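# Topology and contacts: notes
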Amino acid sequence: MALVPCQVLRVAILLSYCSILCNYKAIEMPSHQTYGGSWKFLTFIDLVIQAVFFGICVLTDLSSLLTRGSGNQEQERQLKKLISLRDWMLAVLAFPVGVFVVAVFWIIYAYDREMIYPKLLDNFIPGWLNHGMHTTVLPFILIEMRTSHHAYPSRSSGLAAICTFSVGYILWVCWIHHVTGMWVYPFLEHIGPGARIVFFGSTTILMNFLYLLGEVLNSYIWDTQRSNEKLK
């Protein structure tokens, strides 16, 4: 038996994301007042994705508890739809976008933090909140993947969905530059148009790779667990 039930873990993670979002929105930063507000940052979008995903997980747990043993076929159909939505969100958004934000942020930060998270932001964002936005996302999503099996959609539809999200965000960033004359991320100011095209193309490819990584990891975790259960 697990030390902490997975249902309790999901509630705790959901509450932590709500706390992070509330604290982040309460910060009075100049960038929050400009065109696009917080929604121009992938980190904020990812936090919303993670909070919505874990909210759906908690709702699924509650629905499962309420419908257990009821024999109501309509309720069971609705529960299956909720589970399908939960699994789709993890596969297409929560895992690839979450891992992308953590990996890309800390790689660029280690190379030159001024390119993605200028030191000036330390005056606005405390260290714990920075890690809440850019670090804990990874262990939280891995915990969820380990505690519950998630059925992935067909590979073609999954890749099409993550490509749509990636291209949509890139177009959003370009639109903001078109309107304001400023790039959302400082490092985009220091590279040429060709390099930006390569960067945007590379990020889309990386998102697709992370989707496939999540699919493989999910299969590995649960195939291994099933094998161990058969040996017992």
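Residues numbered from 1 in each chain as written. Predicted model: local features only at pLDDT ≥ 70, side-chain atom pairs only at ≥ 80, totals over all residues. Heavy atoms only, no water.

## Some points on the overall build of the protein
- Each helix and strand in the protein was counted, giving eight helices and zero strands.
- At 19 Å, the protein has a C-alpha radius of gyration in line with the 17 Å of a compact globule built from 232 residues.
- Taken over the C-alpha atoms alone, the protein extends approximately 60 × 35 × 35 Å along its principal axes.
- Taken across its 232 residues, the protein has 43% of its residues classed as buried.
- Put simply, of all contacts in the protein between residues at least 6 apart along the chain, 78% involve residues at least 24 apart.
- As displayed, the protein has an accessible area near 12700 Å², and 69% of this comes from carbon and sulfur atoms.
- Seen as two clouds, the 16 positive and the 14 negative side-chain charges of the protein have centres 6 Å apart. (Helix = DSSP H or I, 4+ residues; strand = E, 2+ residues; numbered from the N terminus. Rg over C-alpha atoms; globule rule 2.2 N^0.38 Å. Buried < 20%, exposed > 50% of the residue type's maximum accessible area, 1.4 Å probe, protein only. Contact = heavy atoms within 4.5 Å. Areas by Shrake-Rupley, 256 points an atom, 1.4 Å probe, with all protein chains shown as cover. Lys, Arg positive; Asp, Glu negative; His and termini not counted. Charge placed at Lys NZ, Arg CZ, Asp CG, Glu CD.)

## Comments concerning the packing of aromatic side chains
- Per the stated rule, a full pass over the model turns up 17 aromatic pairs.
- Consider the rings of F41 and Y185, whose centres lie 6.5 Å apart with planes at 70°: the pair is edge-to-face. Here F41 is found in the loop between α2 (30–33) and α3 (42–67), whereas its partner Y185 is found in the loop between α7 (155–180) and α8 (193–231), with 144 residues between them in sequence. Grouping residues by exposure puts F41 and Y185 together as buried.
- With 6.3 Å between their ring centres and 50° between their planes, W183 and F200 make a pair best called tilted. Taken together, the positions of W183 in the loop between α7 and α8 and F200 in helix α8 put the pair 17 residues apart, joining distant regions of the chain. Here W183 and F200 have matching classes, each one buried.
- Taken together, F41, W183, Y185, F187, F199 and F200 form an aromatic cluster joined through their ring pairs. (Phe/Tyr/Trp six-rings, centres within 6.5 Å; stacked < 30°, edge-to-face > 60°.)

## A short note on the UniProt feature "transmembrane region" (unreviewed entry) in the protein
- UniProt tags residues 42–67, 88–108, 128–145, 157–178 and 198–222 as "transmembrane region" (unreviewed entry).
- Secondary structure within residues 88–108 divides into 100% helix and 0% strand; the distance between the first and last C-alpha atoms comes to 29 Å.
- In residues 128–145, the share of helix is 89% and the share of strand is 0%. The end C-alpha atoms are 24 Å apart. (UniProt positions renumbered as here; feature names shortened; annotations may be inferred.)

## Considerations on the side chain of N130
- Here N130 is to be found in helix α5 (residues 127–134).
- On the basis of relative accessibility, which here comes to 7%, the residue N130 falls in the buried class.
- When sequence neighbours within four positions are dropped, the list of residues in contact with N130 reads F105, W106, Y117, I125 and T135.

## Points about the pattern of salt bridges
- By the definition in use, this model includes five salt bridges.
- Close ionic contact of D61 with R10 constitutes a salt bridge, the shortest N to O distance being 2.8 Å. On the criterion of sequence distance, the pair formed by D61 in helix α3 and R10 in helix α1 (residues 6–26) is long-range, its members being 51 residues apart.
- Residue classification places D61 among the buried residues on the basis of a relative accessible area of 17%. (Salt bridge = Lys/Arg side-chain N within 4 Å of Asp/Glu carboxyl O.)

## Details of helix α4 (residues 73–112)
- Between its first and last C-alpha, α4 extends 56 Å over 40 residues, near the 58 Å set by a 1.5 Å rise per residue.
- Along α4, the sharpest change in direction is near 45° and occurs at L90. (Expected span 1.5 Å × (residues − 1). Bend = angle between axes of the 7 residues up to and from the residue.)

## Quick look at the packing of α1 against helix α6 (residues 137–147)
- As a packed pair, α1 and α6 sit with axes 11 Å apart at the nearest point and diverge in direction by 155°. Our classification of the angle between α1 and α6 gives roughly antiparallel. In this structure, the crossing between α1 and α6 has a hand that is left-handed. For the pair α1 and α6, contact is made by C6, L9, R10, I13, S16 and Y17 and by V137, F140, I143, E144 and T147, respectively.
- Grouping the amino acids of the contact of α1 with α6 by side-chain chemistry returns seven nonpolar, two polar and two charged. (Axes fitted to C-alpha atoms, helices over the stretch in contact; angles between N-to-C directions. Parallel < 35°, antiparallel > 145°, perpendicular 65-115°, else oblique. Left-handed = near helix turned anticlockwise from the far one by under 90°. Nonpolar A, V, L, I, M, F, W, Y, C, P; charged D, E, K, R; others polar.)

## Considerations on the packing of α1 against α5
- Where α1 meets α5, the axes come as close as 10 Å, and the angle between the chain directions of the two elements is 125°. It follows from the interaxial angle that α1 and α5 lie oblique. The handedness of the crossing between α1 and α5 comes out as left-handed. Facing α1, whose interface residues are I20, N23 and Y24, α5 presents W128, L129, G132 and M133.

## Structural notes on the side chain of E144
- Here E144 is to be found in helix α6.
- A polar side-chain atom of E144 sits 2.7 Å from a polar atom in the side chain of R10.
- Leaving out residues up to four positions away in the same chain, E144 has contacts with R10, F53, F54, C57, L90 and H150. (Polar contact = N/O pair within 3.5 Å; in protein donor to acceptor, adjacent residues only side chain to side chain.)

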